[in-house]
Amino acid sequence: MMRLEDKVAVVTGAASGIGRATAVLFAREGALVHASDVDGPGLDETRELAGAGGGVVETSIVDVTDFAGVKGHIDGVVSKRGRIDVLVVNAGVVRVGRVEDFSEEDYDLLIDVNLKGTFFTCKAAVPHFKRRRAGTIITLASVAAHIGQNNHANYCSTKAGVLGFTRALALDLAPFDVRVNSVSPGATDTPMLRSDVAKEAEQRGLPFEQVKREFEEQGVLTRWAAPEEIAAGILFLATDDASYMTGADLRMDGGWTTR
Ligand SMILES: NC(=O)c1ccc[n+]([C@@H]2O[C@H](COP(=O)([O-])OP(=O)(O)OC[C@H]3O[C@@H](n4cnc5c(N)ncnc54)[C@H](O)[C@@H]3O)[C@@H](O)[C@H]2O)c1
């Protein structure tokens, strides 16, 4: 049996990594997926990957830092499908650096995409969820929301913000039977993590492989996750299997935060 049959799902940041794996998995599980991102060619690839498995993914170019664009997309999905059952607020960026060297421009980007993007996406979708008194929202936090990481103070601050936002929104939407949870991935093999590692390797004058090994050894499983492993947790939260979970954070970090 398909686990999301005829459910309408919106996934942001779906042109790559965890968002793409989620869109493809949701489509395979029978959802009507509306995937958005700023990366058009990446979205095309996501749609093709899902289509190869017989799944339905519609794609739209949406910048989560632009509220009018986000609202237009969300309202468009609702007018076409009548509802949104599952919203995955996944679009995110990472920038690495020591606080004393970190530029205001880079911090603005982190805040605009990771924090305001989460807020804008929820702001546009919440009225629809409240009206229907059903559905579920899943945000992407990170191990970086729970523990410190060297040279990641600015990134950590945005992900800790996502966690707080998610918990508080869960309270507001509980009376409407809308569940709101987050997933906190550990090191997951996506272009984001690879660019993060490359940047850190460059800043510390170390080979990429050495820094990659350090990241792998953060988890007690001592390997990176595949994006599909994180998508599996997002799917769980999206289904009625998680019917008694709200305001929770699902740590999928290979044991990183248990050390
Ligand atoms: N990869 C990891 O190890 C890891 C760990 C913890 C948390 N996360 C979180 O998971 C989420 C997905 O990360 P990923 O690793 O798949 O990254 P990724 O870079 O592979 O994918 C992120 C996607 O977001 C899109 N995006 C960026 N800015 C955008 C904007 N303004 N509007 C719309 N889309 C935008 C990018 O184009 C990209 O397709 C992020 O929120 C990230 O912080 C990732």
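Here the structure is a predicted model, which is why all the values come from computation and not from measurement. (Residues numbered from 1 in each chain as written. Predicted model: local features only at pLDDT ≥ 70, side-chain atom pairs only at ≥ 80, totals over all residues. Heavy atoms only, no water.)

Asks: Sorry, what's going on with the site of the ligand here?
Replies: Residues in close proximity to the ligand total 29 residues, the closest being Ser16, Ile18, Asp37, Tyr155 and Thr190. The contact in question runs from an oxygen atom of the ligand to an N or O atom on the side chain of Asp37, over 2.6 Å. The separation between a nitrogen atom of the ligand and a polar main-chain atom of Val64 is 3.0 Å. With respect to the detected pockets, the ligand is housed in the largest pocket. Of all the secondary structure elements, the ones that give two or more residues to the shell around the ligand are α1 (17–28), α5 (153–173) and α6 (191–204). (Near = heavy atom within 4 Å. Polar contact = N/O pair within 3.5 Å; in protein donor to acceptor, adjacent residues only side chain to side chain. 1 Å grid on protein atoms, 1.4 Å probe; cavity = no way out; pocket = protein on both sides within 12 Å on 5 of 7 lines; lining within 4 Å. Sits in = over half its atoms within 2 Å of the grid points. Helix = DSSP H or I, 4+ residues; strand = E, 2+ residues; numbered from the N terminus.)

Asks: For this particular structure, what's the right way to read the packing of aromatic side chains?
Replies: Two aromatic rings, taken as a pair, are described by how far apart their centres are and by the angle between their planes. Per the stated rule, a full pass over the model turns up four aromatic pairs. When the ring of Phe67 is compared with that of Phe120, the centres are 5.4 Å apart and the planes differ by 55°; the resulting orientation is tilted. Separated by 53 residues along the polypeptide, Phe67 in helix α3 (residues 67–81) and Phe120 in helix α4 (residues 104–132) bring together distant segments of the chain. Both rings, one in Phe215 and one in Trp256, keep their centres 6.4 Å apart while their planes meet at 80°; by these two values the pair is edge-to-face. In this pair, Phe215 sits in helix α7 (residues 208–218) while Trp256 sits in the segment after β7 (249–252), placing the two residues 41 residues apart along the sequence. (Phe/Tyr/Trp six-rings, centres within 6.5 Å; stacked < 30°, edge-to-face > 60°.)

Asks: Sorry, what's going on with the nonpolar core here?
Replies: Nonpolar side chains tend toward joint burial in soluble globular proteins. Ranked by internal contacts, the top residues of the largest apolar core, which has 31 residues, are Phe26, Val33, Val86, Val88, Ile138 and Ile234. Looking at this core, the elements with two or more residues in it are β1 (8–12), α1, β2 (32–37), α2 (40–52), β4 (86–89), β5 (136–140) and α8 (227–238). The leading source of residues in this core is α1, at seven residues. Beyond its immediate stretch of four places on either side in the chain, Val86 contacts Val8, Ala9, Val10, Phe26, Thr136, Ile138 and Ala238. The next biggest cluster of nonpolar side chains, apart from the first, holds 25 residues, and it includes Val10, Val77, Val89 and Val113. (Core = buried A, V, L, I, M, F, W, Y, C linked by side-chain atoms within 4.5 Å. Buried < 20%, exposed > 50% of the residue type's maximum accessible area, 1.4 Å probe, protein only. Contact = heavy atoms within 4.5 Å.)

Asks: Even after reading the chapter, I still don't get the packing of α1 against α8, so can you show me in this structure?
Replies: Axes are the key here: two packed helices are described by the angle between their axes and the distance separating the axes. Contact geometry for α1 and α8: axes closest at 8 Å, N-to-C directions at 55°. On the basis of their axis angle, the class for α1 and α8 is oblique. Helix-helix and strand crossings are classified by hand; for α1 and α8 the assignment is right-handed. Where α1 approaches α8, its residues Gly17, Ile18, Ala21, Thr22, Leu25 and Phe26 are matched on the opposing element by Pro227, Glu228, Ile230, Ala231, Ala232, Ile234, Leu235 and Ala238. Among the residues forming the contact of α1 with α8, the class breakdown is eleven nonpolar, two polar and one charged. (Axes fitted to C-alpha atoms, helices over the stretch in contact; angles between N-to-C directions. Parallel < 35°, antiparallel > 145°, perpendicular 65-115°, else oblique. Left-handed = near helix turned anticlockwise from the far one by under 90°. Nonpolar A, V, L, I, M, F, W, Y, C, P; charged D, E, K, R; others polar.)

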